[in-house]
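Remarks on the overall topology
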Amino acid sequence: MDLFLQTLVSGLLKGGLYAVIGIGMTLIMGVMGIINLAHGQMMMVSMYITYSLFAYAGVDPYVSLIVSVPAIFALGLFIQQRLLNPLMRADTILPENQVLMTVGVGMVLTETMRFIFTSDYKSVRTAYSSSTFFLGNISFSVPLTIDFLIAILLTAALFMFLIKTDLGRSVRATAQDKEAAVLMGVDSERITYITFGIGSALVAAAGTLLIPVFYLYPDIGGPFTRKAFVICILGGLGSAVGAIFGGVTLGLAEAFGATYAGMEFEDIIGLTIFLLVLLFLPGGFKRLTKV
Amino acid sequence: MTTMGKGTIAQISALAALAVIPLAVHNDYYLHLMILALMWVVIGSAWNLLAGYTGQVSFGDAAFFGTGAYTAGLLVIHWGWSAWWGLLFGGIMAVAIAFPFGWICFRLRGAYFALATLALNEVLRHVATIWESFTQGMVGVMIMQTYISKLPYYYIALALAASSIIIIRLVLRSRLGYYFLSIREDQDAAESLGVNTHFYKMVSLAVAAWLTGVAGALYMNYMGFIDPHVVFSLHDISIMAILVGIVGGVGTTYGPAVGAFIMVLMQEMFRTAGFGYIKAAAKFTDVPFLISASEQLTKGHALGFGILVVLVIRYMPNGVVGDWGKLMTALRLRKAGTTK
Amino acid sequence: MNKTAAILSLALFFAAPFAPSGASAGEPVKVGVVLPLTGTEANFGEIEKLSFELALEEINAKGGVKGSPISIIFEDDGSKPDVGRSAIEKLIRQDGVAIVGGGYSSSVTAAMAGVAVNNAFPLVINTGSADNITEPWSYTVSGQMATKKKKAMTEETDAVKKEALKKESDELTAKAEQEAATIMPRYAIFRINPPASEYAGGVESLLSDVIKPKTAALLHENSAFGTSSATDVEKRLAKLGIKILIKESYDKASIDFKPVLSKIKAANPDIVYMVSYVNDAALLMNQSMELRLNPKMFIGGGAGFTMPEFQKNAGKASEKVLSATLWYQTLKYPGAKEYYDRFLKKYNRDTEYHGAEAYSAMYVIADALKRAKSLSKEDITKALSETDMMTVFGQVKFVAYGKKANQNKGEAYVVQWIKGELEIVWPKKYATRDIVFPVDWVKERQ
């Protein structure tokens, strides 16, 4: 029983972080319909910012959220405005150029970090990095639990934004039907880059939250991008709630898969779920909810 | 299309030039690069058939490449056959994989399709890694090359590259070509006109998979060593195939061929900081800036390459061949505004 | 300007690979070294490059090779086998080096070795550890198949089938020996570091003499190195009669090991053996601590557990952990400690066994170049095969044993983190401290 509960806890806590990573991407995919294959790399850049602040100025990761999130927001704005939007206007045979641009951007981000920081593994060890508290026999990692709570806060904030503010409503409108939104007076181009910024800012937060318990090197982005789109597909594109479900589901699936099938199957489980959902539940969890 | 005379002469002379190069140039390093470039001509053209002409942008072509490579390698270590049989069976196995691949992916469109191909690519990579008893996992498959000289490999690669372009041209000239284009332009309209889009998409995929699988088998024979990480690589194979197609020119016959040469030579040029020219120039002119420049270039070669990719996609989204006019205008080799 | 410029640059482009490498007559002796200078393994590649350069400086200061200095041409393999191939091709053809060294990752080294064998070119490997690289049989088709049949034969229970398999494997072996006869004249691969299967040598005697566990859990990262090490460890544990309760592999980039560690905790093995790199090692130990997993002993195989970063990142969780290693600066080999100190002083960073391997490789190469009658590859190969010298890494002598040829027999040691310092605790004759065992983990993690 202990093993089951411990696995459950592991999966849930990891899932919270995954959810934050996924929400960012699902927002982008829902509003713009493009796959951002540089998503994980944005997270990586945020982690390097956090690392630098910690290593050179002693700033605690949770505090550095104030810096890393806006920084990556700005980076996202820039990328969307300067590199991606122009492509939407260009006359090409394939609309997939935008996706490829994100691949190029991802490469540049990775290599720039490698150039500056080298491939050396970096880590941020804080006093609480390995702290745990126990409920009975089950161990809870303190930083991951805090991350989980922050994830909830961020999601709530995002909901407030989407539902209560004008800008948020414009974002949702554009996600639902871009042409209708434009007819209603929404500046869809501006919305696209703000959305890209927000999506990136969210994954930046996830990175900052993750770094006390993981480590950092330039190539860390790829696996997270892959997890992000598994989560998006699970939850349904554009659905924040869906991303939460998706993140938690993926976290649990990986944890239980690792325990009961074996760790070598961890990635394949995620991929299989992904394919199954693509095939049999297109639209993801969103279909089952309204948001 | 282009007039018979000019176009065919150019093509034949290009082929002749390529055929003669190894006899004139006795430089194995150079031949190595050319063999790689020719291999990418095959892979890029195959991808282009599916994406540029049929509108199905696959992010998972490494699935076929790896299947072809492993078929060739496993024939050797499990049954003792020569790896050259892989050129035949690699293609066949890749087509076999293409069936479930298409079945899963073709019911999806656009972004979903791309993601599904990516996922399948990753699944195959993981399977190759985990199924150690069959594929030897991450230890990989090592075989000895049949020839020590590079010449045979060069000519085989050249033959494959030429045949793949010929095959693709034939396919495009036939009825199939029309169906592919109609699917690319508007799949629903085509379907409503009675075109069995699923069938033709599968045909396009099968041809692309077959060519890519054969390229993979060639890779196994030539390199002598493969492992899941290398031949099922998302970045180095699947995305490289896309880049080759895009840089060269999607939806053009020779675009991928041009793209293949550009990408291979560019990558190596960045990696060696101008093939050692900059360093040599530095030694010759004794300018320290050049030495440090060449060192920085080597250190950041991947970065330089990435920046190049971003710039090409941003400013030349139709590739070198597709945006030839734009390129010539920019280089001031042609007055702006003239048509092709 | 324009059209001519375009044509000129295009011509330059296609003529590019013929570029001079900056060498002319009466030059230093050129040595090529292929290492991962960019990419995921650049960290170790850098340490090895710096070690090569440190040794080079010293050797050239003492007169180089018969009065001529040695110069190294470094090529980056980016941790990719095909780039490694391009690199060694370029070194042999384009740059005309006398000998090639390096080889960090097993897969890249294997690809390079293939080229070397094709060209009968001397290659001195200092880190790539997959066993088959120095097994000439692996370069022959029949040899690989014979190995498979033999393995199947030992696992076969039916007597008739077993007999058939034996016959097949004998035939293949004979064929392989014939094929090997064609390979051997071109086989000039030499390896300084022990193969992956020997890394755990020191641990084995430690287990049988001191720790005496009955059960074990085995966890390894799934690259070529982790997989071949784990296969070997499995064999050794089986030989000692230790039952493996859980054996699992994981991807290097895994974040969360708690599920598998919880599983291990539930199974309660006597020892937990892990083959990992630095970061997964730190995560594994930290998460084990978080779960209060307390076996009799934690043993690490593989680079991860002996790096200073491991101790920094795992902190308390690294204390008293044992690890197999190939070298440590406190070993009494002449120059070992000096090498470590000089490296630290010059480059302001730590070095470890990879650096020592590279450093001694440079000395081995220089030594062979000095003894070689000429700079032809045949003479250099002969000189290499006659190597018998002491280096900071230990005695280097290339011998044939078992399936191996031109393999140096290195030692394997066991170290333990004691009060934040790495001490050699086994074999007794090299030990700088006694091993701490048994360990009260609860007290350690306070």
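Parameters at a glance
Residues numbered from 1 in each chain as written. Chains lettered and ligands numbered in written order. Predicted model: local features only at pLDDT ≥ 70, side-chain atom pairs only at ≥ 80, totals over all residues. Heavy atoms only, no water. Helix = DSSP H or I, 4+ residues; strand = E, 2+ residues; numbered from the N terminus. Rg over C-alpha atoms; globule rule 2.2 N^0.38 Å. Buried < 20%, exposed > 50% of the residue type's maximum accessible area, 1.4 Å probe, protein only. Contact = heavy atoms within 4.5 Å. Areas by Shrake-Rupley, 256 points an atom, 1.4 Å probe, with all protein chains shown as cover. Salt bridge = Lys/Arg side-chain N within 4 Å of Asp/Glu carboxyl O. pLDDT = per-residue confidence, 0-100. Expected span 1.5 Å × (residues − 1). Buried area = accessible area lost by both parts, 1.4 Å probe. Polar contact = N/O pair within 3.5 Å; in protein donor to acceptor, adjacent residues only side chain to side chain. Nonpolar A, V, L, I, M, F, W, Y, C, P; charged D, E, K, R; others polar. Axes fitted to C-alpha atoms, helices over the stretch in contact; angles between N-to-C directions. Parallel < 35°, antiparallel > 145°, perpendicular 65-115°, else oblique. Left-handed = near helix turned anticlockwise from the far one by under 90°. Domains from an automatic or database assignment. Pairing = 2+ DSSP bridges. Right-handed = clockwise from strand over helix to strand, strands pointing away. Patch = residues over 30% accessible without salt bridge, like charges linked within 9 Å, V, L, I, M, F, W, Y side chains within 5 Å.

For chain B, the count of helices and strands is 18 helices and two strands. Over its C-alpha trace chain B gives a radius of gyration of 21 Å, about what one expects of a compact globule, namely 20 Å for 340 residues. On the principal axes, the C-alpha backbone points of chain B span a range of 65 × 55 × 35 Å. Across the 340 residues that make up chain B, the buried fraction comes to 59%. Once local pairs closer than 6 in sequence are excluded, the contacts in chain B between residues at least 24 apart make up 76%. In the structure as shown, chain B presents an accessible area of about 13,500 Å², 70% of it carried by carbon and sulfur atoms.

Throughout the structure, instances matching the rule amount to 33 salt bridges over all chains. For C:E89, the salt bridge identified is with C:R85, shortest N-O distance 3.5 Å. Here C:R85 and C:E89 lie together in helix α3 (residues 81–94), a separation of four residues that amounts to about one turn. A residue is classified by how much of its surface remains accessible, and C:R85, at 2% relative accessible area, is buried. Notably, a salt bridge pairs C:E290 with C:K258, separated by 2.8 Å at the nearest N-O pair. Remark: C:K258 occurs in helix α9 (residues 258–267) and C:E290 occurs in helix α10 (residues 278–291); sequence separation between them is 32 residues. Each of A:K14, A:K227, A:E254, A:E266 and A:D267 takes part in a single network of salt bridges with overlapping partners.

As a further point, take the confidence of the model for chain A. When pLDDT is averaged along chain A, the result is 85; 95% of the residues meet or exceed 70. Confidence, read as mean pLDDT per element, is least for helix α7 (residues 178–183) of chain A in chain A (81) and greatest for helix α2 (residues 39–57) of chain A (93).

With that settled, consider unusual backbone geometry. All names here are of chain C. Put simply, W426 and P427 share a cis peptide bond, and its omega is -5 degrees. When you line up the elements, P427 lands in the loop between β15 (421–426) and α15 (441–444). Backbone torsion omega between F437 and P438 reads 0 degrees, so that peptide bond is classified as cis. Within the secondary structure, P438 sits in the loop between β15 and α15. Phi is positive for A120, which is not a glycine, with a value near 50 degrees. Along the chain, the position of A120 falls in the loop between α4 (106–119) and β4 (123–125). A residue is classified by how much of its surface remains accessible, and A120, at 22% relative accessible area, is partly exposed. A positive phi angle, close to 45 degrees, is found at K212, a residue other than glycine. Within the secondary structure layout, K212 lies in the loop between α7 (201–211) and β6 (215–221).

Over its 23 residues, helix α8 (residues 188–210) of chain A extends 33 Å from the first C-alpha to the last, a length consistent with the 33 Å expected when each residue adds 1.5 Å. Counting buried residues in α8(A) gives 21 out of 23 residues, a clear majority hidden from the surface.

Taken together, the 33 residues of chain A in the interface contact 30 residues of chain C. Between chain A and chain C, a total of about 2,800 Å² is buried, with carbon and sulfur atoms accounting for 57% of that surface. Of all residues in chain A, A:Y121, A:Y215 and A:M263 give up the largest surface area on contact with chain C, accounting jointly for 23% of the area buried on that side. At the surface where chain A touches chain C, the tally comes to zero salt bridges. At the junction of chain A with chain C, the criterion picks out seven residue pairs in polar contact (both at pLDDT 80 or more). Those elements that place two or more of their residues in the side of chain A that touches chain C are α1 (2–32), β2 (132–135), β3 (138–141), α9 (221–235), α10 (240–260) and α11 (266–280) of chain A. The element that contributes the greatest number of residues to the side of chain A that touches chain C is α1(A), accounting for five residues. Within the side of chain A that touches chain C, the residues separate by chemical class into 14 nonpolar, 11 polar and eight charged.

Right, let's get into the packing of α9(A) against α10(A). Residue and element names in this part refer to chain A. Remark: α9 packs on α10, axes separated minimally by 7 Å, with the N-to-C direction vectors making an angle of 120 degrees. By the angle between their axes, α9 is oblique relative to α10. When you trace α9 past α10, the crossing you get is right-handed. On α10, the residues that touch K227, V230, I231, L234 and G235 of α9 are G242, A243, G246, G247, T249, L250 and E254.

What follows covers the domain arrangement of chain B. Much of the literature gives interface size as the accessible area that the parts lose upon coming together. Residues and elements named next belong to chain B. Here chain B is described as being made up of domain 1 (23–271) and domain 2 (272–340). Between the C-alpha centres of domain 1 and domain 2 the distance comes to 27 Å. Interface area, domain 1 with domain 2, both sides summed: about 1,500 Å², of which 76% is carbon and sulfur. Together, M269, F270 and R271 form the three largest contributors to the area buried by domain 1 at its contact with domain 2, with a combined 38%. The interface formed by domain 1 and domain 2 holds zero residue pairs in polar contact (both at pLDDT 80 or more) in total. Only α2 (28–53), α12 (234–248) and α13 (255–271) provide two or more residues apiece to the side of domain 1 that touches domain 2. If one sorts the elements of the side of domain 1 that touches domain 2 by residue count, α13 sits on top with 11 residues. Considering only residue class, the side of domain 1 that touches domain 2 consists of 14 nonpolar, five polar and two charged.

Let us look at the pairing of strand β8 (residues 271–275) of chain C. Taken residue by residue, a regular strand's side chains alternate between the two faces of the sheet. All names here are of chain C. Counting buried positions along β8 yields five of five residues, so the element is predominantly enclosed. Where burial is concerned, the two faces of β8 agree: the one with I271, Y273 and V275 and the one with V272 and M274 are both buried. Pairing analysis gives five bridges linking β8 to strand β9 (residues 297–301), with the strands arranged parallel. For V275, the partnering residue across the bridge sits in β9 and is G301. Between the parallel pair β8 and β9, the chain is carried across by α10, and the sense of this crossover is right-handed.

In this section: the sheet that holds β6(C). All names here are of chain C. With respect to topology, seven strands assemble into an open sheet ordered β7-β6-β8-β9-β10-β14-β15, the strand pairing being mixed. For this open sheet the edge positions go to β7 (243–250) and β15, each flanked by a neighbour on one side alone. Each strand axis lies, on average, 25 degrees off the axis of its neighbour in the sheet, ignoring direction. By the bridge criterion, five bridges tie β6 to β8 in an arrangement that is parallel. Bridging from a neighbouring strand, L219 pairs with M274 of β8. The strands that α7 touches are β8, β9, β10 (322–325), β14 (413–418) and β15; relative to β15, the one it contacts most, it runs at about 70 degrees. Sitting on the sheet, helix α8 (residues 224–239) is in contact with β6, β7 and β8, with an inclination near 165 degrees to β6.

All names here are of chain C. Counting buried positions over the six residues of β14 gives six, a clear majority of the element. Burial along β14 is two-sided: the face carrying Y413, V415 and W417 and the face carrying V414, Q416 and I418 are both buried. Bridge count between β10 and β14: four bridges; the pairing is antiparallel. Note on β14: the bridge partner recorded for L322 is Q416. For β14 and β15, the ladder comprises five bridges, and the chain directions are antiparallel.

Residue placement: C:N119 occurs in helix α4. A distance of 2.5 Å separates a polar atom in the side chain of C:N119 from a polar atom in the side chain of C:R93.

What follows concerns the confidence of the model for chain B. Residue and element names in this part refer to chain B. Per-chain confidence: chain B averages 84 in pLDDT, with 93% of residues scoring 70 or above. Helix α10 (residues 197–223) holds the highest mean pLDDT among the elements of chain B, 93, whereas helix α14 (residues 277–285) holds the lowest, 69. Both scores are available for the predicted complex, with the pTM at 0.85 and the ipTM at 0.82.

On to a nonpolar patch on the surface. Residues and elements named next belong to chain B. A cluster of nonpolar side chains, namely W79, W81, W85, L88 and I92, defines an oily patch on the protein surface of about 560 Å² accessible area. Sort the elements by how many residues they give to the nonpolar patch and helix α4 (residues 85–105) lands first, with three residues. With respect to the helices and strands, W85 occurs in helix α4.

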